[in-house]
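The lines below spell out each chain.
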Amino acid sequence: MIAKNQEYIIDIIGMTNEGNGVGKIDGFTVFVPLTAVGDRVRIKVVKVCSSYCYARLEEILTPSPDRIPVDCVAFSQCGGCVYRHISYDSELRLKQQQVQDAFERIGGIDTDYLPICAGERIDGYRNKSQYPLAVNTEGKPYAGFYAMRSHRIVPCDRCLLLPDRFEAIKRKILKFIEENNISIYDELTGKGLIRHIYLRHAEKTGEIMVVLVCTRKRLPHADRLVEMLTSDPDIVSIVINVNDKNTNVILGESCFVLYGKEQICDILCSNKINISPLSFYQVNRDQAERLYEIASCFAGLTGSEILVDLYCGAGTIGLSMAKKVKRLIGVEIIPQAIENAKENAAQNGISNAEFICADAAKATKMLLRRGFQPDVVIVDPPRKGCGESVVRDIVLMKPEKVVMISCNPATAARDCAMFQEQGYRCVKIQPVDLFPRTAHVECVVLLEMIK
């Protein structure tokens with residue numbers, strides 16, 4: 001019997017999708033964080049379940065050939081990166097296999113798996129950061145990141161996934177908070193003013209937005225903060241976001257501009273894109289361009305197609321293809337996102353695009369009543385995927401091609417299996433690494449109607 005607090009020596013033979021090493025104790029599965037395939041390790045069991053257990057790494061007896069020196073002091077505690085201890089080539093192999101395993105095991109799909117599209121930058125690629133705040137034992141404010149599966153804040157002086165200038169901005173804000181005795185929000189008591197520091201960077205234009213997430217609109221000594229921050233000419237927007245609810249959701253619904261513009265502007269796939277505090281925008285701009293280029297290539301657009309973009313958000317995917325189609329129709333259930341999409345179309349002189357605020361089912365029925373039959377449907381659903389009803393709605397429109405962009409291979413595999421049951425064939429799948437050093441991987445799937 002496997003018992004808690006017992007120690008064992010095991011070999012790591014696989015990895016989970018969350019980045020934990022997998023080993024066996026007399027056939028019993030054990031998950032061990034911070035290990036790598038090929039490691040021989042001494043472990044201590046910390047939790048036992050009916051068919052598996054979790055263990056803590058005690059000692060690396062024989063290191064994996066994939067191992068590299070860890071370059072971040074917060075790596076073993078922070079809930080962000082999971083692959084800083086192995087080479088990037090090894091990480092890419094794991095992600096390629098993760099996508100293929102999901103589609104084969106969950107979807108039963110036999111298709112052409114293209115080689116993963118690697119990130120050109122594995123550090124400094126994120127254009128957004130959200131730092132939760134806390135107070136240390138000396139009463140000083142600090143910022144960091146949540147530990148895995150918790151709200152314990154791990155201090156971090158420099159996150160390697162972020163641009164260096166974010167750290168300088170964060171330090172200025174912490175200095176302002178300390179010098180002016182501004183209170184930090186406490187989740188347990190619900191008291192305090194500032195909850196998060198939220199930064200966004202438009203890489204192509206250089207514009208930076210600084211957002212302070214607070215429990216109320218008024219920030220004491222706000223003029224001093226503006227003066228401190230605007231010594232950096234790239235900071236063109238300083239905003240207060242109000243979140244006074246007892247919730248794990250970071251942002252509230254209301255924003256108030258302290259300085260500069262309500263939005264910053266970036267350029268993506270040759271289009272100007274407005275970014276507000278509440279807008280969705282891919283955190284890895286360069287890889288997002290490659291992701292959308294792959295989706296466009298899969299769609300095989302010739303200029304004569306009607307393209308429907310479901311889950312269109314602010315329209316970035318559809319607008320990147322608008323000049324290659326006859327007509328673009330974007331569908332999104334969030335009203336503010338639809339307004340952003342319309343603004344983005346207008347400022348780029350795109351006149352063949354229409355954006356509908358509705359869920360997929362209502363939009364499908366509306367388009368069918370109007371006599372629109374799309375040639376291509378693009379879907380970029382949330383992690384939960386499309387689901388049976390949305391797949392059914394898409395099939396009703398009878399597009400020749402469906403191009404799926406997914407951040408969750410498991411739900412994508414499930415959805416693609418449903419498409420195959422309803423007359424579509426999964427032609428090829430392209431994994432794309434948008435988030436190097438983390439556990440996440442995207443993929444683009446081409447489905448074609450069987451005629």
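The residue numbering used here restarts from 1 in each chain and proceeds along that chain's sequence as written. This being a predicted model, a pLDDT of at least 70 is required before a residue's local features are given, and a value of 80 or more before pairs of side-chain atoms are given or counted; all residues contribute to the totals for chains, interfaces and linings. With hydrogens and water stripped out, all remaining heavy atoms of the structure feed into the side-chain values.

Some details on the overall build of the protein
No. 1: The helix count covers DSSP runs of H or I at least four residues long, the strand count covers runs of E at least two residues long, and both are numbered beginning at the N terminus. Secondary structure summary: the protein contains nine helices and 23 strands in total.
No. 2: For the radius of gyration, the atoms used are the C-alpha atoms, and the globule rule reads 2.2 Å times the number of residues raised to 0.38. The C-alpha radius of gyration computed for the protein amounts to 24 Å, which stays within 12% of the reference 22 Å derived for 451 residues, consistent with globular compactness.
No. 3: The C-alpha extent of the protein, read off along each of the three principal axes, is 65 × 65 × 35 Å.
No. 4: Taken across its 451 residues, the protein has 55% of its residues classed as buried.
No. 5: Contacts are residue-level and defined by heavy atoms, with any inter-residue pair within 4.5 Å sufficient. In the protein, once contacts between residues fewer than 6 apart in sequence are set aside, the share between residues at least 24 apart is 63%.
No. 6: Note on areas: Shrake-Rupley with a 1.4 Å probe; residue coverage comes only from the protein chains shown. As displayed, the protein has an accessible area near 20400 Å², and 50% of this comes from carbon and sulfur atoms. Throughout this description, buried means an accessible area under 20% of the type-specific maximum (1.4 Å probe, protein chains only), exposed means over 50%, and partly exposed covers the range between.

Some words on the state of the cysteines
No. 1: Cysteine sulfur atoms are paired as a disulfide whenever they come within 2.5 Å of each other. A full pass over the atoms with the stated rule returns zero disulfides.
No. 2: Of all cysteine sulfurs in the structure, the one in C72 sits closest to C156, which takes part in no disulfide; the separation is 5.0 Å.
No. 3: For C156, a relative accessible area of 8% translates into the label buried.
No. 4: Of all cysteine sulfurs in the structure, the one in C255 sits closest to C214, which takes part in no disulfide; the separation is 11 Å.

Considering the sheet that holds strand β1 (residues 7-11)
No. 1: Strands sit in the order β1-β5-β6-β4-β3-β2 across an open sheet of six strands; the sheet is mixed. Edge positions in the sheet fall to β1 and β2 (14-15), since each of these pairs with one other strand and no more.
No. 2: Of the pairings in the sheet, the one linking β2 to strand β3 (residues 21-25) comprises two bridges and is antiparallel in character. If you follow G14 over to β3, its bridge partner there is V22. When DSSP finds two or more bridges between two strands, those strands count as paired.

A few points about helix α9 (residues 409-421)
No. 1: In a regular helix each residue adds 1.5 Å, so 13 residues correspond to 18 Å; α9 covers 18 Å between its end C-alpha atoms and thus fits that length.
No. 2: All of the buried residues along α9 are P409, T411, A412, A413, D415, C416, A417, M418 and F419.
No. 3: Looking at the buried residues of α9, the elements they touch are α1 (88-105), α8 (387-397), β21 (401-406), β22 (424-432) and β23 (442-449).
No. 4: Pairs of N or O atoms are called polar contacts if they sit within 3.5 Å, as long as, within protein, a hydrogen donor faces a hydrogen acceptor (for residues adjacent in sequence, only side-chain-to-side-chain pairs). For α9, the capping residue at the N-terminal end is N408, with a side-chain oxygen 3.1 Å from the backbone nitrogen of A410. To estimate how far a helix should reach, multiply one less than its number of residues by 1.5 Å.

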